[in-house]
Amino acid sequence: MLDPEQTFRPDLSHPYLPGREPASPLLRVLSGSLKGREFTLTAERYTVGREAQSDIMIAQPEVSRRHAEIMRMASEYVLIDLKSANGIFVNNLKLDRAVLHHGDVFQIGSCVFQFIWNRNEPSTP
């Protein structure tokens, strides 16, 4: 079980760098073994887990082999817990499923991801 006292709480006032707003949704890893990596979401479905076949592999014992899935549904991306042992935390709440919004932070194992996709504001040149 994850210790809520150690839950990562980033400053959400600037979830993206000016001039780098992505055209496609982006997952930025803020902490954990994948810290500093970015994953652009262009497919309809992504698996997250400890299995080598996972689209986003997190090689940690607290991460289930098939821990979670990120699925595009219409114009939204949904994070779904696949009945993992330790669950998923979205904005510090343990949830089974969540529609991801720009700036949302979610945690799987010790990896903290931020979902970046500000579709409502036009990019500045």
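Everything discussed here concerns the structure shown above.
Residues numbered from 1 in each chain as written. Predicted model: local features only at pLDDT ≥ 70, side-chain atom pairs only at ≥ 80, totals over all residues. Heavy atoms only, no water.

**Notes on the sheet that holds strand 9 (residues 97-100)**
Within a beta sheet, neighbouring strands are joined by backbone hydrogen bonds and run either parallel or antiparallel to one another.
In step 1: Strand order across the open sheet formed by 5 strands is 4-3-5-6-9, with mixed pairing between neighbours. Every interior strand has two partners, whereas the edge strands, strand 4 (56-57) and strand 9, have only one.
In step 2: With 6 bridges joining them, strand 5 (residues 68-73) and strand 6 (residues 76-81) adopt antiparallel strand pairing. Across the sheet, the residue bridging to Met73 is Glu76, located in strand 6. (Pairing = 2+ DSSP bridges. Helix = DSSP H or I, 4+ residues; strand = E, 2+ residues; numbered from the N terminus.)

**Quick word on the side chain of Ser84**
In step 1: Tracing the chain through its elements places Ser84 in the loop between strand 6 and strand 7 (88-90).
In step 2: Residue classification places Ser84 among the buried positions, given a relative accessible area of 12%.
In step 3: Within the structure, the side chain of Ser84 is placed 2.9 Å from the backbone nitrogen of Gly87, a separation counted as a polar contact.
In step 4: For Ser84, the contacting residues outside a window of four places in its chain are Ser64 and His67. (Buried < 20%, exposed > 50% of the residue type's maximum accessible area, 1.4 Å probe, protein only. Polar contact = N/O pair within 3.5 Å; in protein donor to acceptor, adjacent residues only side chain to side chain. Contact = heavy atoms within 4.5 Å.)

**Focus on the pairing of strand 5**
In step 1: In this sheet, strand 5 lies alongside strand 3 (residues 45-49) in antiparallel orientation, the contact comprising 4 bridges. Each residue of the ladder has a partner; that of Val48, found in strand 5, is Ala68.
In step 2: The hairpin formed by strand 5 and strand 6 contains 2 residues between the paired strands, and Ala74 there has a positive phi angle of roughly 60°.

**Some points on the pattern of salt bridges**
In step 1: The tally for this structure, following the rule as stated, stands at 2 salt bridges.
In step 2: Arg28 is the salt-bridge partner of Glu38, the closest N and O atoms lying 2.9 Å from each other. Remark: Arg28 occurs in strand 1 (residues 26-31) and Glu38 occurs in strand 2 (residues 38-40); sequence separation between them is 10 residues.
In step 3: With relative accessibility at 14%, the residue Arg28 sits in the buried group.
In step 4: Arg45 is paired through a salt bridge with Glu69; the nearest N and O atoms lie 3.3 Å apart. On the criterion of sequence distance, the pair formed by Arg45 in strand 3 and Glu69 in strand 5 is long-range, its members being 24 residues apart.
In step 5: A relative accessible area of 9% means that Glu69 is categorised as buried. (Salt bridge = Lys/Arg side-chain N within 4 Å of Asp/Glu carboxyl O.)

**Overview of the sheet that holds strand 11 (residues 111-116)**
In step 1: The sheet built from 6 strands is open, its strands ordered 2-1-11-10-7-8 with antiparallel pairing. With one partner strand each, in any of the chains shown, strand 2 and strand 8 (93-95) form the two edges of the open sheet. Mean inter-strand twist for the sheet, computed between neighbouring axes without regard to direction, equals 30°.
In step 2: Bridge count between strand 1 and strand 2: 3 bridges; the pairing is antiparallel. The residue of strand 2 that forms the bridge with Leu27 is Phe39. (Axes fitted to C-alpha atoms, helices over the stretch in contact; angles between N-to-C directions.)

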